[in-house]
Each structure stands twice: as structure tokens, then as C-alpha cells.
Amino acid sequence: MFISLDTHKTTQFDNISHKNSSSNRKMARRQQCSGCLQYLLVPPEVQTIRCAACGTVANTSNTPAPSNARARWGQARELLVPGQIRSYPGSGTHAFPSVYGPHQQQPLPRPALSPVSVHGRKRALICGLNYVGKYYSLKGSINDAKCMRYLLVEKLGFPLDSVLMLTDDQQDPLLKPTKRNMRKGMRWLVYGCQPGDSLLFYFSGHGSQQEDYNSDELNGYDEALLPIDHETEGVIIDDEINEIIVRPLPRGAKLHAIIDACHSGTVLDLPFDCKMKKEGHYIWDDKRNPKFNKGTSGGVAFCFSACDDDQRASDTNVFSETKTNTGAMTFCFIQAVENEPDLTYGRLLIAIRKAILQVKACLRKTGTIKNLVNKVLQKSSIQEPQLSSSYPFNIYSKRFLL
């Protein structure tokens, strides 16, 4: 899942208008804004109104209540007032444009996404990008996203209303994995995070590398995720991902990231990398730099990546009897979680690696290696899933729990 990028251009984001049927009323009434959910006083003769708080323009008659997805985006919008997003050189942005007007209010109360469990809340952001219509399009990323949502909701107890899925086959523009929506989704994921919360960020799509401009990378490159509009809006680099979803984690909160993309080994910029050696031996590579804080605010973060920073990940149908395309790492991850009881982080990492290697060996024995091996599993293109963390721990004794 790799594409090389040369340049990125920044353009202004377009305001999104909500279209609804209209009819006149005889008296002023209250109507809830579909963006920030505040109530507006609407005069009887007015057919459209702009919210003074968030700038959303809406027709004013018979406007249905916003869907759960739109309501959640409306809450996340409050987090994206001008000046709150840092400019990252080379990421294709020069600070987030002021699309919400000059009115900057205090964030609204945390949205009620689901009943609060006594064991803490679960929330997930799932991004699946096929890059439809592009020469570098993928076939399996949306399938990956749907499979991951099924695993989380049906097997691991994530409430459906606490899972946001961004895929490029969605009709709703708010639910497409653009750079803007992915940023908003990541901020929504950690917004109001409290002790006991379990968060998950999943991405299946293209990954890339670019020159490191702030000298925080030992290899001289920033790793990046590619939104569907990266050609105009730029990529999302690891520095920004770390700042948005890692740094805010409070004590007692937990984040897991599962990234099925090329060059994704350190895409969360976590301080410790698990370097797996032969026969399961491992060491933690401490990458902490006193000049850069890449840790949490007391919580814990883990990342399973499809491959190392200098490797590529596969999008293939070799795992499916029906020839359905999936990401190799995603398929092996789901299989291991479903079939291995009492998984530890070490057993999970080894199971994913072994599954990919076994497929490689099987293909060589049967001779059906032209498509997959030539593209992915050759010696020159080994795919070795990686584990990184906000702190070092015993990977064979700590249970994997979402």
C-alpha cells in the first residue's frame, strides 16, 4: 500500500451546506443547528439561517434532527477552531483554515455516544481508503474497515454508536476519509477521554515517507498516512498523529492503533519499538529524545503496524476463498484475535508474522506466486508487522485487551 509523492498543494476547504425541505411557519421557533447542536431562534419568514457559533448554513423548515454521525461530527467541530492545529512542514498544510467563523466558544459537553460502562467506555475510529478512480487505487481497504468494525462490535463489545467509520464509498461527505475528516475523527476519538476508556484507531490505505523537517527522526524521514485528497491537501505525518491521539491520553486511558499501510512501523511516533529477533526474542528500542515529547499524559498507547518503516504492505486476495481483497496484516490480525484465547501482545505479534510467512511458503510450494510474491512477498519486499508502545513491557505476560 505505497505511493510516492512529490508535491502537495493546499487549498481552502469548502463549507458544507445541509439541504432540507422548506415550509413557512406563522411564528418564530427554535431549531437545532445540525453542526454544533445549539438551538437557534428562527423568524417565520426566514428560509435559511447561518449559525453564529459554528457557521453552518441550513434550511429552516422541517429540518430533521441530525443523525448520530452528524451529531458526533458537530461536537468534534468545536475542537477545530482556528489556531488549534499546528502547521507541520511538508505535510501539505499551512495551519488549518478558518472555516468556522470568528466565533470561538468553549467546547460543548462531551457527546453521549453510548451508555457508560462501569468498566470504562470503548470508542473507535476506522478509516478504509480504496482511492477509487486513481491509478494507485486499492481493492481491499474498505473490506478491511468493514471486517474490523464487525470484529469490534460483534466480538469485542464496542457499541456500534461509538464506532466512526470513514470510507471513500460513503455518500455523506462528512464520512469520507479526507484529510479534514480524518483530523476531526482523531480529535473526536480522544475528546473528553477519561480513565477507563479504551480507544482504537484503525487505518487501511496508503502510507508513505517524506523528509523530516524538525530532526526528530533517527532515519531522517517522517512516516505519513495518505487521505483520499492528499494530492491537494497533503498527508498526515506521524508528528501530527502523535500530537492528536497520543499526547492527550490521561492516566488510566488506553489507545490501540492498527495501521495496515506501507512504511507504517513508527507512524504513531511512540517512544519504544519492539525489535523482534529469531525464535521470539525481543528487545525494546528506546527512541526517546529530550527535545521532543512523544509520550502520553499518563495513559498507555500501543501500535500494531503492517510493516517496518522501510517496507511495504500487501493488498491481496490470497487469504480468501472467494478472492475478496484484504490487507494481509488486517486479515492475520483478525484471525489471531478470533482464534487465539488469552492472547498476549507477544503471541499476537508472532501469530500475525507467522501467518504471512506461511502464506509465502505455501505459495512457493504450489507455484502460484506470480501475483502476490512478485508484488509483496519477495525477499526484496519482506513484510514484517511491528509493535510499538508508549512504554516497555513484557510482551509475553501482558494480555492483549481492547
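Residues numbered from 1 in each chain as written. Predicted model: local features only at pLDDT ≥ 70, side-chain atom pairs only at ≥ 80, totals over all residues. Heavy atoms only, no water.

Enquirer: Before we go on, may I ask you to explain the packing of aromatic side chains in this structure?
Expert: When we look at a pair of aromatic rings, we describe it by the centre distance and by the angle of the planes. What the rule picks out here adds up to 14 aromatic pairs. Ring centres of Tyr 282 and Tyr 396 lie 5.7 Å apart, and the angle between their planes is 65°; this geometry places the pair in the edge-to-face category. Taken together, the residues span a long stretch of sequence, with Tyr 282 in strand S13 (residues 282-286) and Tyr 396 in the segment after strand S17 (386-389) at a distance of 114 residues. For Tyr 282, a relative accessible area of 22% corresponds to the partly exposed category. Aromatic side chains Trp 284 and Phe 393 sit 5.2 Å apart centroid to centroid with 50° between the ring planes, which places their arrangement in the tilted category. Placement of Trp 284 in strand S13 and of Phe 393 in the segment after S17 is noted, with a sequence separation of 109 residues between them. (Phe/Tyr/Trp six-rings, centres within 6.5 Å; stacked < 30°, edge-to-face > 60°. Helix = DSSP H or I, 4+ residues; strand = E, 2+ residues; numbered from the N terminus. Buried < 20%, exposed > 50% of the residue type's maximum accessible area, 1.4 Å probe, protein only.)

Enquirer: Can you help me understand the nonpolar core in this one?
Expert: Soluble, globular proteins show a tendency: their nonpolar side chains are buried together. Counting 40 residues, the largest nonpolar core has Met 148, Phe 304, Phe 333, Leu 348, Leu 387 and Phe 400 as its most contacted members. Sorting the residues of this core by element identifies strand S5 (122-128), helix H2 (141-155), strand S6 (163-167), strand S7 (198-204), strand S12 (272-276), strand S14 (300-305), helix H6 (328-339) and helix H7 (345-366) as the ones contributing at least two each. Per-element accounting of this core gives the leading share, 7 residues, to H6. Contacts of Leu 387, omitting those with residues within four sequence positions, involve Asp 273, Cys 274, Trp 284, Cys 303, Phe 304, Tyr 345, Leu 349, Phe 393 and Ile 395. Core analysis: the next-biggest nonpolar cluster, separate from the first, contains 39 residues, Leu 225, Ile 236, Ala 301 and Cys 303 among them. (Core = buried A, V, L, I, M, F, W, Y, C linked by side-chain atoms within 4.5 Å. Contact = heavy atoms within 4.5 Å.)

Enquirer: Which parts of the structure should I look at to understand the packing of helix H3 (residues 179-190) against helix H5 (residues 238-246)?
Expert: When two helices pack together, you describe them by how their axes are tilted relative to each other and by the distance separating the axes. Axis separation between H3 and H5 bottoms out at 8 Å; the angle between their running directions is 30°. The orientation of H3 relative to H5 falls into the category roughly parallel. Facing Arg 183, Met 186, Arg 187 and Val 190 of H3, the residues of H5 in contact are Glu 240, Ile 241, Ile 244 and Ile 245. Its residues placed into classes, the contact of H3 with H5 shows 5 nonpolar, no polar and 3 charged. (Axes fitted to C-alpha atoms, helices over the stretch in contact; angles between N-to-C directions. Parallel < 35°, antiparallel > 145°, perpendicular 65-115°, else oblique. Nonpolar A, V, L, I, M, F, W, Y, C, P; charged D, E, K, R; others polar.)

Enquirer: So what exactly am I meant to see when it comes to the sheet that holds strand S10 (residues 236-237) here?
Expert: Note: strands within a sheet are paired through backbone hydrogen bonds, in either parallel or antiparallel orientation. Reading across the sheet, the 3 strands line up as S8-S9-S10 and stay open at both edges, with antiparallel pairing between neighbours. If you trace the sheet from one side to the other, it starts and ends with strand S8 (207-211) and S10, each paired once. The pairing of S8 with strand S9 (residues 221-225) spans 5 bridges and is classified as antiparallel. Within the sheet, the bridge partner assigned to Ser 208 lies in S9 and is Ala 224. (Pairing = 2+ DSSP bridges.)

Enquirer: I would appreciate a short explanation of the environment of Ala 301 in the present structure.
Expert: Within the fold, Ala 301 resides in strand S14. Between the C-alpha atoms of Ala 301 and His 256, which are 45 residues apart in sequence, the distance is 5.9 Å. For Ala 301, the contacting residues outside a window of four places in its chain are Val 246, Leu 249, Leu 255, Leu 270, Thr 296, Ser 388, Ser 389 and Ser 390.

Enquirer: Would you mind showing me how to read the pattern of salt bridges here?
Expert: Pairing of side chains with opposite charge becomes possible as their charged atoms draw close. Under the criterion given, the structure shown has 9 salt bridges. Salt-bridge contacts for Glu 231 lead to Lys 134; the nearest nitrogen and oxygen are separated by 3.2 Å. Here Lys 134 lies in the loop between S5 and H2 and Glu 231 lies in helix H4 (residues 230-233), a separation of 97 residues in the sequence. For Glu 231, a relative accessible area of 38% gives the class partly exposed. Here Asp 269 ties to Lys 294 by a salt bridge, and the two come within 3.1 Å at their closest N and O atoms. Of the two residues, Asp 269 sits in the loop between strand S11 (254-260) and S12 while Lys 294 sits in the loop between S13 and S14, which places them 25 residues apart along the sequence. In this structure, Asp 269 and Lys 294 share a single accessibility class: buried. Through salt bridges with shared partners, a single network forms among Asp 239, Asp 269 and Lys 294. (Salt bridge = Lys/Arg side-chain N within 4 Å of Asp/Glu carboxyl O.)

Enquirer: Got a minute to help me understand the environment of Asp 168 in this structure?
Expert: With respect to the helices and strands, the residue Asp 168 is situated in the loop between S6 and H3. Spatially, the C-alpha atom of Asp 168 lies 8.9 Å from that of Cys 127, the residues being 41 residues apart in sequence.

Enquirer: I would appreciate a short explanation of unusual backbone geometry in the present structure.
Expert: Excluding glycine, most residues fall at negative phi; most peptide bonds, likewise, are trans. In this structure, His 263 takes a positive phi of about 55° despite not being glycine. Positionally, His 263 belongs in the loop between S11 and S12. Not every positive phi belongs to a glycine, and Asp 342 is a case in point at roughly 50°. Residue position: Asp 342 is located in the loop between H6 and H7.

Enquirer: Is there a simple way to think about H2 in this case?
Expert: A turn of α-helix holds 3.6 residues, and therefore any two residues three or four places apart point the same way. With 15 residues, H2 extends 20 Å from end C-alpha to end C-alpha; this agrees with the ideal 21 Å at 1.5 Å per step. Directly after H2, the chain includes Gly 157, whose backbone phi takes a positive value near 80°. (Expected span 1.5 Å × (residues − 1).)

Enquirer: Would you mind showing me how to read the pairing of S11 here?
Expert: Most of S11 sits out of view: 6 of its 7 residues are buried. Relative to S11, S7 runs parallel, the two sharing 7 bridges. Bridging from a neighbouring strand, Leu 200 pairs with His 256 of S11. Examined bridge by bridge, S11 and S14 share 6 bridges and lie parallel to one another. Note on S14: the bridge partner recorded for His 256 is Phe 302.

Enquirer: How should the side chain of Ser 264 be read in this particular structure?
Expert: Looking at the element boundaries, Ser 264 is found in the loop between S11 and S12. Residue Ser 264 is classed as buried on the basis of its relative accessible area, which comes to 1%. There is a polar contact of 2.7 Å between the side chain of Ser 264 and the backbone oxygen of Ala 261. Excluding anything up to four places from it in sequence, Ser 264 contacts Ile 259, Ser 305, Ala 306, Cys 307, Asp 308 and Asp 309. (Polar contact = N/O pair within 3.5 Å; in protein donor to acceptor, adjacent residues only side chain to side chain.)

Treat this as a map of the structure, not an account of what it does.
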